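Descriptive analysis of the structure
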Amino acid sequence: MGIRVGIAGVSGYAGVELLRLLHRHPAVRITALSAGRGAGRALSDLWPGWTGAALPPVGRLDVDHLAEHCDVVFLALPHGVSQTVVPALLERGVDVVDLGADHRLTDPEAYAAAYGAPHTCPELLSLATYGLPEQNRDVLAGARLVACPGCYPTATAIAALPLVEEGLADLVFSDCLSGISGAGRKAGPRNLYAEVQESVTAYGLAGAHRHTPEMEQALGVPVVFSPHLVPMVRGMLATVKVRLRRPVSGEELRDLYRERYARHPAVVVRDEVPATRDVRGTAAAHVFPLVDIRREVATVVSAIDNLGKGAAGQAVHAFNLSRGLPETAGLPLVPLLP
Ligand SMILES: NC(=O)c1ccc[n+]([C@@H]2O[C@H](COP(=O)([O-])OP(=O)(O)OC[C@H]3O[C@@H](n4cnc5c(N)ncnc54)[C@H](OP(=O)(O)O)[C@@H]3O)[C@@H](O)[C@H]2O)c1
């Protein structure tokens, strides 16, 4: 019994986090797993911590197999790969929750500019539902193709949405710190311990990062985005700043955030600055808004787990909404401590 789900990309970081959440989800049954180079290997070989779990074998990415065994497939694949299987999956009656970037941007030209190649199924871009529950809860009901937001856009949007919706911001500055797992499991010099430990750097500055157009699409205002890589495994901290269009007191701002997120179980409005450890392993975002009255600048700090609220946790949240399940079914909302 239960909704039959598949995970494509289970040998990667987002895929194995999906496995952790979906394995304990009360309404689903995992019926297919796939990998790229890892296809055909035992799950316990890819992830020794999963030794002994009763799960399907890890096969290759095969639409026929997925269509036969699944009602929904979660895709944790590099951008460019998802779009090769999504049309056939939808046609075969399988719903898709895509954690990658292939269906987030609605404008095919914006996609080609950001990802360096034209989209092979541009008609799907207008069909996909952007899976940010705090923005699209109602339209996610019944969605057949969910485009899960990127981790940086999630942290930034949760911090900036109340300000933008209230007409208080016409330009958003977002400085984000990301743990190294944000780059995926593939080997590369940027991910090596010797390169990242005891060192912090910025990259993708001045509009160069692919997540910038996604943030601007979600918020509807220009965003100056500065991502940084920090030496930790998981976690993301966004410090978002806007010059306020009218004077706002600290109390007014806190009330605005409390009210905006009152009905959203995955967002906690805090009275002090959150840390990434407060959300480790969770599908939650913690936010703290404050005002510099003299400079008329609002600063909002948001903390997420890049693999939780920034990827698998949010994907499961959006899936719950798309299927009319209890919104928090299977969602971890308290952290792994210390
Ligand atoms: N990491 C994050 O914090 C994060 C956050 C939000 C969104 N995302 C998105 O989630 C997706 C997965 O990210 P990740 O960090 O999990 O990456 P990853 O660790 O590199 O995993 C990628 C997965 O895709 C598989 N794969 C690669 N090329 C394939 C192909 N041609 N055919 C079939 N399978 C293929 C890989 O299999 P093999 O390794 O076996 O080849 C692996 O299972 C990406 O689109 C990423 O942007 C990631």
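Because the structure is predicted, anything quoted here is derived from the model rather than measured.

1. Digging into the overall build of the protein chain
- Tallying secondary structure elements over the protein chain gives eleven helices and 14 strands in all.
- Taken over the C-alpha trace, the protein chain has a radius of gyration of 19 Å; the compact-globule value for 338 residues is 20 Å, and the two agree within 12%.
- For the protein chain, the C-alpha atoms occupy an extent of roughly 60 × 45 × 40 Å along the three principal directions.
- Looking at the protein chain as a whole, 47% of its 338 residues qualify as buried.
- Once local pairs closer than 6 in sequence are excluded, the contacts in the protein chain between residues at least 24 apart make up 70%.

2. Re the nonpolar core
- Within the largest apolar cluster, 95 residues are counted, with the highest numbers of intra-cluster contacts made by F74 and A315.
- Element by element, the count of residues in this core is highest for helix α7 (residues 151-165), at nine residues.
- If you count residues domain by domain, this core takes at least three from each of domain 1 (3-127) and domain 2 (151-306).
- Beyond its immediate sequence surroundings of up to four residues, F74 is in contact with V5, I7, A8, L18, V97, L99 and A315.

3. Details of unusual backbone geometry
- Following L337, the chain continues into P338 via a peptide bond in cis, with omega recorded as 0 degrees.
- If you trace the backbone, P338 turns up in the segment after α11 (308-322).
- Although it is not a glycine, E198 adopts a positive phi angle of roughly 60 degrees.
- Take E198: it is sitting in the loop between α8 (193-196) and β9 (201-202).

4. Digging into the sheet that holds strand β14 (residues 297-304)
- Sheet architecture is open: seven strands sit in the order β9-β10-β8-β11-β14-β13-β12, paired in mixed fashion. Where the open sheet ends on each side, the last strands, each with one partner, are β9 and β12 (267-269).
- Here three bridges tie β12 to strand β13 (residues 285-292), and the two strands are oriented parallel to one another. Paired with V268 across the bridge in β13 is H286.
- Where helix α9 (residues 211-219) meets the sheet, it contacts β8 (172-178) and β10 (223-229), and its direction lies at approximately 135 degrees from that of β10.

5. Considering the domain arrangement of the protein chain
- Looking at the protein chain, the domain boundaries give domain 1 (3-127) and domain 2 (151-306).
- A separation of 26 Å is found between the C-alpha centroids of domain 1 and domain 2.
- Counting residues at the interface gives nine residues for domain 1 and seven residues for domain 2.
- The element best represented in the side of domain 1 that touches domain 2 is helix α5 (residues 108-115), accounting for three residues.
- Each residue belonging to the side of domain 1 that touches domain 2 can be placed in one class, and the counts come to six nonpolar, two polar and one charged.

6. Quick notes on the sheet that holds strand β2 (residues 28-34)
- Spatially, seven strands are ordered β3-β2-β1-β4-β5-β7-β6 in an open sheet, and the strand pairing comes out parallel. Every interior strand has two partners, whereas the edge strands, β3 (58-59) and β6 (129-130), have only one.
- Across the face of the sheet, helix α1 (residues 13-23) comes into contact with β1 (3-8), β2 and β4 (72-75) while running at roughly 160 degrees to β1.

7. Side note on the site of the ligand
- The environment of the ligand is formed by 30 residues, the closest being G12, G36, G38, G100 and G184.
- Listed by contribution, the elements that provide at least two residues to the shell around the ligand are α1 and α11.
- The biggest single contributor to the shell around the ligand is α1, with three residues.
- Tallied by class, residues from the shell around the ligand come to 13 nonpolar, 14 polar and three charged.

8. A word on the pairing of strand β5 (residues 95-98)
- Where burial is concerned, the two faces of β5 agree: the one with D95 and V97 and the one with V96 and D98 are both buried.
- Pairing between β4 and β5: four bridges, direction parallel. Residue pairing in the sheet places F74 in a bridge with V97 of β5.
- The β-α-β motif built from β4, the intervening helix α4 (residues 86-91) and the parallel element β5 has right-handed crossover chirality.
- Pairing of β5 with strand β7 (residues 145-147) involves three bridges; the strand directions are parallel.

9. So, the packing of α7 against α11
- Orientation of α7 relative to α11, taken along the N-to-C sense of each, is 95 degrees, at an axis distance of 8 Å. The pairing of α7 with α11 is recorded here as roughly perpendicular in orientation. Residues C151, T154 and A155 of α7 form the contact with α11, whose own contacting residues are K309, G310, A311 and Q314.

10. Comments concerning α11
- With 15 residues, α11 should cover 21 Å at 1.5 Å per step; its first-to-last C-alpha distance of 18 Å lies more than 12% under that length.
- Residue Q314 marks the point of greatest curvature in α11, where the axis turns by about 45 degrees.
- For α11, a buried count of 15 out of 15 residues is recorded, marking the element as mostly surrounded by other parts of the structure.
- In the stretch just after α11, G324 is the one whose phi turns positive, near 70 degrees.

11. Here's the deal with the packing of helix α6 (residues 133-140) against α11
- Where α6 contacts α11, the axes come no closer than 9 Å and their chain directions differ by 25 degrees. Taken as axis vectors, α6 and α11 run roughly parallel relative to one another. Both α6 and α11 take part in a crossing whose hand is right-handed. In contact with P133, R137 and L140 of α6, α11 contributes H317, A318, L321 and S322.
- Looking at side-chain class alone, the contact of α6 with α11 contains four nonpolar, two polar and one charged residues.

Quick notes on the rules
- Residues numbered from 1 in each chain as written.
- Predicted model: local features only at pLDDT ≥ 70, side-chain atom pairs only at ≥ 80, totals over all residues.
- Helix = DSSP H or I, 4+ residues; strand = E, 2+ residues; numbered from the N terminus.
- Rg over C-alpha atoms; globule rule 2.2 N^0.38 Å.
- Buried ≥ 20, exposed ≤ 12 C-beta atoms within 10 Å, placed from the backbone.
- Contact = placed C-beta atoms within 7 Å.
- Core = buried A, V, L, I, M, F, W, Y, C linked by C-beta atoms within 7 Å.
- Domains from an automatic or database assignment.
- Pairing = 2+ DSSP bridges.
- Axes fitted to C-alpha atoms, helices over the stretch in contact; angles between N-to-C directions.
- Nonpolar A, V, L, I, M, F, W, Y, C, P; charged D, E, K, R; others polar.
- Near = placed C-beta within 6 Å.
- Right-handed = clockwise from strand over helix to strand, strands pointing away.
- Parallel < 35°, antiparallel > 145°, perpendicular 65-115°, else oblique.
- Expected span 1.5 Å × (residues − 1).
- Bend = angle between axes of the 7 residues up to and from the residue.
- Left-handed = near helix turned anticlockwise from the far one by under 90°.

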